[in-house]
Protein chains: 2
Amino acid sequence: MSNPVTFELLHTCKQSGARLGVLHTPHGDIPTPIYMPVGTQATVKAMTPREMEEINAKIILSNTYHLHLRPGEDIVREAGGLHQFMDWHHPILTDSGGFQVFSLSELRKITEEGAAFRSHLDGSKQFISPEISMDIQQALGADIAMAFDVCSAYPCDRKTAEEAMHRTHRWAARCKKHHTRSDQALFGIVQGAFFDDLRIESAKTLADMDFPGYGIGGLSVGEPKPVMYDMLHLPKNKPRYLMGVGTPDCFLEGVLRGVDMFDCVLATRIARNGTCFTRNGRLVVRNAAYAHDFTPIEEGCDCYACQHFSRAYVRHLLKAEEITGGRLTSIHNLRFLIRMMEEIRQAILEDRFLDYRKEFYEKYDLTRNF
Amino acid sequence: MSNPVTFELLHTCKQSGARLGVLHTPHGDIPTPIYMPVGTQATVKAMTPREMEEINAKIILSNTYHLHLRPGEDIVREAGGLHQFMDWHHPILTDSGGFQVFSLSELRKITEEGAAFRSHLDGSKQFISPEISMDIQQALGADIAMAFDVCSAYPCDRKTAEEAMHRTHRWAARCKKHHTRSDQALFGIVQGAFFDDLRIESAKTLADMDFPGYGIGGLSVGEPKPVMYDMLHLPKNKPRYLMGVGTPDCFLEGVLRGVDMFDCVLATRIARNGTCFTRNGRLVVRNAAYAHDFTPIEEGCDCYACQHFSRAYVRHLLKAEEITGGRLTSIHNLRFLIRMMEEIRQAILEDRFLDYRKEFYEKYDLTRNF
């Protein structure tokens, strides 16, 4: 059976070794490196699909855990699948639910069979196994499904990390066996917490299982950022997805080390609280300092918010708790990350990614990082 | 001084006597009868200006009371006026603040000089007189300003209504005297509660003062709807604006009696709670009945929500408290009212407004009215 999702490496930056590629999927091609905005509940928060197209989003991520609980995968399947349900006719990736279940902490119990937990919505008893995660994701029908993995807390001891890793590998095999949908690819997930040797063992084990792509898991749960950079030991001909990571500096460091895909809810989450990405670092447009500032959120930004509205206006909307305020900051933050990734791809193509990275950091105030 | 806003009567429906006209304003012409969506705090809730253009909105209303308290008219003036501040380059009407102050009930004290009240935001002491209302509205810079009037509660006794009316007349004179902005028209407001003879006296008094247009006030505060229909005794060559009224049946009855302008927050307010206008009456798309309904909110509607999304999806978004849900229902409800008014204008032009009204009521379930 030919794989529905394939990765093509187009160019390697002569200056940095960073990768430029294209991911072929049933719903179209995705240039890499790519940032995937998060549409947890079958919508990117505060955005419509046509706005996502306008900011040049190419693929979005949606959450299996959330959609399973509400509205339920049966409704999504009945609608004709997630693309049809949410009117997004470009690629979609669904996570496996593993990370969300892990995040419930006190509410869950994980055994070899799977994860028992209580719904954060109504406290009802729920259970997701590798097979059930596959069933849900196949019903949702994204272009890319993710294996159901075991996350471990940070910090955690070596024994815990090792056990979680081994179980993740066993679950990956069960996912692979149970996954049959021919127009959907299944990616494996590397675990091993922050232990270099475990990460390498996990990467090698999963590489041997020959997934069409790999998630790099467990590195966004509060550990020191530098830890992640030594942990990429995956086959060169497969896409590598650094899960849950999506700040400007992480883009630069991840791409430098060969990451092809990123996702993060930060852009839209902080937007609704009135915090924006800029080339200089964090801008809290909600602050009183901007009450009389009639310049855009970021000079030079090509997004709808920056082309039409002032910081003073956006601040007013946020203070007045107007939905339009969070809409404008969401558009800006998403476009910021997508545009930055467009620039990164161009820099790789032109063999000047190290220059780009250096120039970015020269402007960027890391004390106003995220 | 020539008036910046003039009304041109284009046609009177031979079947019904309903009026078709055009209102010329500094920011463009408005066809009448017209529905004005409400942008209380310098934004129509959940909407952007380009979406307002897309649904064919021609004029919006914004609220003097709210903008005075937040962000304050100084910031709006500094931005270059309300059009510039909110990026709406079409006509705007601002109300006077009278109705909002009245609605504060226990928080206000009205004397001949003006209205003292406490801010609903921070409890701070505030005072608006006819002159202050004019100053604020001139700073905001809408195309049409409204006189600062005295509303009375419903029901109220004749003495109260009469006193409020006479004070409204005295305040209208003070507003007219204080209003000097040459690119802004000032409309008078008829009061008199539900007493026919007072309404007539008020209309005549204000007609004698020769305002370029007239608001019909105090008829949306919970009184039986039929009461309003006998109260239109205003000059035929001036626009008549039935303030705060905007349901499908009120459009039909108001237009039949010569109303040219309407506004109401209902469309966007109920939208965010998951209730939609349809040709059959109220549709609570949030209801469980629509969980598996993959038809649009309203078949045949040309709005973005109905062209792209199902009731099942919109319901999911509303239940999941996603901003996108309230956005889609807001787009639909506003477009519904604007489209209905487009049809009304066409029916008047073709001398068949009574037929249109009859056909509308035949489909429309008044037990599912608003």
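All of these numbers come straight from a predicted model, not from anything done at the bench. Residue positions are given per chain, counted from 1 along the sequence in the order it is written. To label them, take the chains in the order written and letter them from A, then take the ligands in the order written and number them from 1. Residue-level local features of this predicted model are given only where pLDDT is at least 70; pairs of side-chain atoms are given and counted only at 80 or more, and the full residue set underlies all totals for whole chains, interfaces and linings. Excluding hydrogens and water, the side-chain values take into account all heavy atoms of the structure.

Okay, the overall build of chain A next. Each helix corresponds to a stretch of at least 4 residues labelled H or I by DSSP, and each strand to a stretch of at least 2 residues labelled E; elements are numbered beginning at the N terminus. The helix and strand inventory of chain A stands at 14 helices and 16 strands. The globule rule used for comparison is 2.2 Å times the number of residues to the exponent 0.38, while the radius of gyration itself is calculated over C-alpha atoms. Taking 21 Å as the expected radius of gyration for a compact globule of 370 residues, we find that chain A reaches 20 Å, a close match to that expectation. Judged by the C-alpha coordinates and their principal axes, chain A covers about 60 × 50 × 40 Å. Every one of the 370 residues in chain A was classed for burial, and the buried ones make up 61%. Partly exposed residues are those whose accessible area sits between 20% and 50% of the maximum for their type, while under 20% is buried and over 50% is exposed, using a 1.4 Å probe and protein chains only.

Turning to the interface of chain B and chain A, a few remarks are in order. How large an interface is tends to be reported as the accessible area lost when its parts come together. In this analysis, two residues are considered to be in contact whenever any of their non-hydrogen atoms come within 4.5 Å of each other. Each partner contributes residues to the interface: chain B has 38 residues there, and chain A has 38 residues. A carboxyl oxygen of Asp or Glu within 4 Å of a side-chain nitrogen of Lys or Arg is what we treat as a salt bridge. On inspection of chain B and its partner chain A, the count reaches 6 salt bridges. Among the salt bridges present, the one from Glu-51 of chain A reaches Arg-327 of chain B, with a minimum N-O distance of 2.8 Å. Two N or O atoms count as a polar contact when they lie within 3.5 Å, although within protein this holds only if one can serve as hydrogen donor and the other as acceptor, and sequence-adjacent residues are included solely when both atoms are side-chain atoms. Summed over the shared surface of chain B and chain A, the result is 26 residue pairs in polar contact (both at pLDDT 80 or more).

What follows concerns the packing of aromatic side chains. Where two aromatic rings form a pair, the distance of their centres and the angle of their planes describe that pair. Side-chain rings of Phe, Tyr and Trp (the six-membered ring for Trp) are treated as a pair once their centres are within 6.5 Å; stacked means planes under 30 degrees apart, edge-to-face means over 60, and tilted covers the remaining angles. One pass over the structure, following the stated rule, counts 28 aromatic pairs over all chains. When the ring of Phe-309 of chain A is compared with that of Tyr-313 of chain A, the centres are 5.4 Å apart and the planes differ by 20°; the resulting orientation is stacked. Note on accessibility: Phe-309 of chain A and Tyr-313 of chain A belong to one class, buried. Aromatic rings pair up to connect Phe-85 of chain A together with Tyr-304, Phe-309 and Tyr-313 of chain B into one cluster. The ring of Tyr-304 of chain B has Arg-50 of chain A lying over it, and the distance from NZ or CZ to the ring centre is 3.7 Å. Our definition puts a charge over a ring when NZ of Lys or CZ of Arg is within 6 Å of the ring centre and also within 35 degrees of the ring normal.

Residues below a pLDDT of 70 in either copy are left out; the C-alpha atoms of the rest, at least 70 in both, set the least-squares superposition of the copies. For these two chains of identical sequence, chain B goes onto chain A by a turn of 180° and a shift of 0.0 Å along the axis, with RMSD 0.0 Å. Both chain copies can therefore be described as sitting about a two-fold axis. In terms of C-alpha distance to the rotation axis, chain B has Ile-323 of chain B as its closest residue, with the C-alpha 3.7 Å off the axis. The share of interface residues of chain B whose copies in chain A are also at the interface is 100%, consistent with both copies meeting through the same surface.

What follows covers the layout of surface pockets. One way to see where empty space is left: roll a probe the size of a water molecule over the atoms. All names here are of chain A. The rule is simple: put a 1 Å grid over the protein atoms alone, call a set of points where a 1.4 Å probe fits but cannot get out a cavity, call an open set with protein on both sides within 12 Å along at least five of seven lines a pocket, and count a residue as lining if it has an atom within 4 Å of a point. Grid points are joined across faces, edges and corners, and a volume is the space filled by probe spheres set on the points. Here the second largest pocket is characterised by a volume of approximately 760 Å³. Lining the second largest pocket are 32 residues, and of these Asn-63, Phe-99, Gln-100, Val-265 and Arg-269 sit closest to its centre. Elements supplying a minimum of two residues to the lining of the second largest pocket: α5 (98–103) and α10 (266–272). The greatest single-element share of the lining of the second largest pocket, amounting to 4 residues, is contributed by α10. The nonpolar class holds Ala, Val, Leu, Ile, Met, Phe, Trp, Tyr, Cys and Pro. Asp, Glu, Lys and Arg form the charged class, and all remaining residues, Gly among them, are polar. Along the lines of polarity and charge, the residues of the lining of the second largest pocket split into 10 nonpolar, 15 polar and 7 charged.

For the rest of this paragraph, the subject is the pattern of salt bridges. With the rule as written, the count across this model stands at 50 salt bridges over all chains. The shortest N-O distance in the salt bridge between Arg-279 of chain B and Glu-343 of chain B comes to 2.8 Å. Placement of Arg-279 of chain B in the loop between β15 (275–276) and β16 (283–284) and of Glu-343 of chain B in helix α13 (residues 323–349) is noted, with a sequence separation of 64 residues between them. Given a relative accessible area of 16%, Arg-279 of chain B falls into the buried group. You can call Glu-343 of chain B partly exposed: its relative accessible area is 22%. Sharing partners across several salt bridges, the network here consists of Glu-51 and Arg-327 of chain A together with Glu-51 and Arg-327 of chain B.

All names here are of chain B. Whether two strands pair comes down to DSSP finding at least two bridges between them. Ordered in space as β1-β2-β3, the 3 strands form an open sheet in which the pairing is antiparallel. The open sheet has two free edges, formed respectively by β1 (6–12) and β3 (28–32), since each of these has just one partner strand. Taken over all neighbouring pairs, the strand axes of this sheet differ in orientation by 20° on average, direction set aside. Pairing analysis gives 5 bridges linking strand β2 (residues 19–25) to β3, with the strands arranged antiparallel. Looking at β3, one finds that Gly-21 is bridged to Thr-32. Note on method: axes are straight lines fitted to C-alpha atoms, helices fitted across the in-contact stretch only, with angles between N-to-C directions ranging 0 to 180 degrees.

Glancing now at the packing of helix α9 (residues 248–256) of chain A against helix α13 (residues 323–349) of chain A. All names here are of chain A. At a minimum axis separation of 11 Å, α9 and α13 run at an interaxial angle of 25°. Taken as axis vectors, α9 and α13 run roughly parallel relative to one another. The way α9 lies across α13 gives a crossing that is right-handed. In this structure, α9 uses Pro-248, Phe-251, Leu-252 and Val-255 to contact α13, whose residues at the interface are Phe-336, Leu-337, Met-340, Met-341, Ile-344 and Ile-348. Of the residues belonging to the contact of α9 with α13, the class tally is 10 nonpolar, no polar and no charged. For classification purposes, an angle smaller than 35 degrees is called roughly parallel, one larger than 145 roughly antiparallel, one from 65 to 115 roughly perpendicular, and anything else oblique. Here is the rule for handedness: rotate from the far helix to the near one, and if that takes an anticlockwise turn smaller than a right angle the crossing is left-handed, while a clockwise turn gives right-handed.

Residues and elements named next belong to chain B. The interhelical angle for the contact between helix α12 (residues 311–319) and α13, taken along N-to-C directions, is 130°, at an axis separation of 7 Å. Regarding the angle of α12 to α13, the classification is oblique. By crossing handedness, the relation of α12 to α13 is classed as left-handed. Packed against α12, whose contacting residues are Tyr-313, Val-314, Leu-317 and Leu-318, the element α13 presents Thr-324, Gly-325, Gly-326, Leu-328 and Thr-329 at the interface. Counted by class, the contact of α12 with α13 contains 5 nonpolar, 4 polar and no charged residues.

In this section: the sheet that holds strand β9 (residues 125–128) of chain A. All names here are of chain A. Here we have 3 strands laid out as an open sheet, ordered β7-β8-β9, and antiparallel in their pairing. At either margin of the open sheet sits one strand with a lone partner, and together these are β7 (108–110) and β9. The average undirected angle you get between the axes of adjacent strands in this sheet is 15°. Here strand β8 (residues 115–118) pairs with β9 via 4 bridges, running antiparallel. Within β9, the position partnered with Phe-117 by the bridge is Gln-126.

Here the focus is the nonpolar core. Take the buried Ala, Val, Leu, Ile, Met, Phe, Trp, Tyr and Cys residues and link them wherever side-chain atoms come within 4.5 Å; each set so joined is a nonpolar core. Membership of the largest hydrophobic core comes to 188 residues, with the highest contact counts inside it found for Ile-344 and Phe-353 of chain A together with Ile-344 and Phe-353 of chain B. Setting aside anything within four residues of it in sequence, one finds Phe-353 of chain B in contact with Cys-13, Gln-15, Ser-16, Ala-18, Leu-252, Val-255, Leu-256, Ile-344, Ala-347 and Ile-348 of chain B.

Our focus in this paragraph is α9 of chain A. Across the 9 residues that make up α9 of chain A, a large majority, 9, are buried. Of the surrounding elements, those touching the buried residues of α9 of chain A are β4 (34–36), β14 (261–263), α13 and α14 (353–363) of chain A.

On to the environment of Glu-131 of chain A, then. Residues and elements named next belong to chain A. With respect to the helices and strands, the residue Glu-131 is situated in helix α6 (residues 130–140). Put simply, Glu-131 and Gly-114 are 17 residues apart on the chain and 8.9 Å apart in space, counted from C-alpha to C-alpha. When sequence neighbours within four positions are dropped, the list of residues in contact with Glu-131 reads Arg-174 and His-178. Of the polar contacts made by the side chain of Glu-131, one reaches the side chain of Arg-174; its length is 2.9 Å.

Here we come to the pairing of strand β8 (residues 115–118) of chain B. Residue and element names in this part refer to chain B. Burial along β8 is one-sided: Ala-115 and Phe-117 are buried, while Ala-116 and Arg-118, pointing the other way, are not. Pairing of strand β7 (residues 108–110) with β8 involves 3 bridges; the strand directions are antiparallel. Paired with Ile-110 across the bridge in β8 is Ala-115. Here β7 hands over to β8 after 4 residues, the two strands then running antiparallel side by side.

Disulfides are defined as pairs of cysteine sulfur atoms found within 2.5 Å of each other. One pass over the structure, following the stated rule, counts 0 disulfides over all chains. Sulfur of Cys-303 of chain B: no disulfide; nearest cysteine sulfur belongs to Cys-301 of chain B and is 3.7 Å away.

The analysis is restricted to geometry; functional conclusions fall outside its scope.
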